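Descriptive analysis of the structure
So the chains spell out like this:
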Amino acid sequence: MTTVVVVKRGDQVAIASDSLVTFGDTRLAHGYETNNKIIEVNGSYLGLAGSTAHFAVLERALRELGDDCKLGSRDEVFTTFQKIHPILKEKFFLNTKEEEDDPYESSQMTCLIANPSGIYGVYSYREVFCFERFWGIGSGRNFALGALYAAYDKTKNAAALAQIGVEAGIEFDKSSSGPVRVVTVKLKPKKSEERT
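Residues numbered from 1 in each chain as written. Predicted model: local features only at pLDDT ≥ 70, side-chain atom pairs only at ≥ 80, totals over all residues. Heavy atoms only, no water.

Attention now goes to the overall build of the protein chain. The helix and strand inventory of the protein chain stands at five helices and 11 strands. The C-alpha radius of gyration of the protein chain comes to 16 Å, within 12% of the 16 Å expected for a compact globule of 196 residues. Taking the principal axes of its C-alpha atoms as reference, the protein chain extends roughly 45 × 45 × 35 Å. When the 196 residues of the protein chain are sorted by exposure, 45% land in the buried category. A separation threshold of at least 6 residues defines the contact pool for the protein chain, and within that pool the share at least 24 residues apart is 57%. Carbon and sulfur atoms provide 51% of the accessible area of the protein chain, an area that totals close to 10200 Å². Computing the positive centroid from 24 side-chain charges and the negative centroid from 26, the protein chain places the two 6 Å apart. (Helix = DSSP H or I, 4+ residues; strand = E, 2+ residues; numbered from the N terminus. Rg over C-alpha atoms; globule rule 2.2 N^0.38 Å. Buried < 20%, exposed > 50% of the residue type's maximum accessible area, 1.4 Å probe, protein only. Contact = heavy atoms within 4.5 Å. Areas by Shrake-Rupley, 256 points an atom, 1.4 Å probe, with all protein chains shown as cover. Lys, Arg positive; Asp, Glu negative; His and termini not counted. Charge placed at Lys NZ, Arg CZ, Asp CG, Glu CD.)

We now examine helix α3 (residues 141-151). Regarding α3, the residues found buried are Ala144, Leu145, Ala147, Leu148 and Ala151. Summarising the axial view, the buried residues of α3 lie within an arc of 165°, below the 170-degree limit, and thus occupy one face. Exposed and facing more than 90 degrees away from the buried side of α3 are Asn142 and Tyr149. Buried residues along α3 sit against β1 (4-9), β10 (134-137) and α4 (158-172). (Arc of directions from axis to C-beta.)

When two helices pack together, their arrangement is given by the angle between their axes and by how far apart the axes lie. α4 packs onto α3 with a crossing angle of 140° between their chain directions and a minimal axis gap of 7 Å. Classified by the interaxial angle, the pair formed by α3 and α4 is oblique. Two packed elements cross with a definite hand, and for α3 against α4 that hand is right-handed. Facing α3, whose interface residues are Phe143, Ala144, Ala147, Leu148 and Ala151, α4 presents Leu161, Ala162, Ile164, Gly165, Ala168, Gly169 and Phe172. The residue makeup of the contact of α3 with α4, split by class, is 10 nonpolar, two polar and no charged. (Axes fitted to C-alpha atoms, helices over the stretch in contact; angles between N-to-C directions. Parallel < 35°, antiparallel > 145°, perpendicular 65-115°, else oblique. Left-handed = near helix turned anticlockwise from the far one by under 90°. Nonpolar A, V, L, I, M, F, W, Y, C, P; charged D, E, K, R; others polar.)

Our focus in this paragraph is the sheet that holds strand β8 (residues 118-122). Sheet strands pair via backbone hydrogen bonds, and the direction of the pair is either parallel or antiparallel. Here we have five strands laid out as an open sheet, ordered β5-β6-β7-β8-β9, and antiparallel in their pairing. At either end of the open sheet lies a strand with only one pairing partner, and these are β5 (38-41) and β9 (128-131). Across this sheet, the average inter-strand angle for adjacent strands is 25°, counted without regard to direction. Pairing of strand β6 (residues 44-49) with strand β7 (residues 110-115) involves five bridges; the strand directions are antiparallel. By the bridge assignment, Gly47 is partnered in β7 with Leu112. On top of the sheet, helix α1 (residues 53-64) reaches β5, β6 and β7; it is set at about 10° to β5, its chief contact. The sheet strands contacting helix α2 (residues 74-90) are β6, β7, β8 and β9, and the helix crosses β9 at an angle near 150°. (Pairing = 2+ DSSP bridges.)

For the coordinates displayed, the defined rule picks out five salt bridges. The partner of Lys37 in a salt bridge is Asp18, with the nearest N and O atoms 2.8 Å apart. With a gap of 19 residues between them, Lys37 in the loop between β4 (26-28) and β5 and Asp18 in the loop between β2 (12-17) and β3 (21-23) connect regions that are remote in the sequence. Each of the two residues, Lys37 as well as Asp18, counts as buried. The partner of Arg63 in a salt bridge is Glu59, and the shortest N-O contact between them spans 3.0 Å. Separated by four residues within a single helix, Arg63 and Glu59 lie in helix α1, roughly one turn from each other. Residue Glu59 is classed as partly exposed on the basis of its relative accessible area of 26%. (Salt bridge = Lys/Arg side-chain N within 4 Å of Asp/Glu carboxyl O.)

Before going further, it helps to examine the nonpolar core. Of all hydrophobic cores here, the largest spans 21 residues; its most connected members are Leu46, Leu58, Val77, Phe81, Ile84, Cys111 and Ile113. Not counting residues up to four positions away in its chain, the partners in contact with Leu58 are Leu46, Leu48, Phe81, Ile84, Met109 and Cys111. (Core = buried A, V, L, I, M, F, W, Y, C linked by side-chain atoms within 4.5 Å.)

Geometric descriptors of this kind do not, in isolation, establish any biological role.
This is the structure:
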């Protein structure tokens, strides 16, 4: 599994991940493969939890949308993930079934996004969340969330906070391992802030 976090602090957002890939009981640690769990698409950074296949598939699907790949607001993220769902099924052969009584087809992935407009989370039924402080996904998320909660008011730097969150996941989650990868982006001012 993994530990991926997003953090918004001051005028910055950060996304960070661990670097371990697992295949059942087999670990593919840093040094054997690049294991970069953060992808960049059109100025947005996405971190994924779930199948390793998701990384190449999601990056390709989003890039193929071209100018229709917009991730600058909650609504844009939702619309973009709605657009790629049929592509995931038809071109990449996504198996959309999770449970018999699922209300919607699943996209089978969990994703965090950091970009100049903020931090977002996308879950398997394409539900989108816009986070104000921080969030985490993957098997190490609970450890990361606890560490972020404890450190948030004491640490003013988004990258340092993201590092703390992933390090907690690495420390306690058997399916997360270093090194930590962190990407930081400057937030664009909100319209009310631009006028002042």
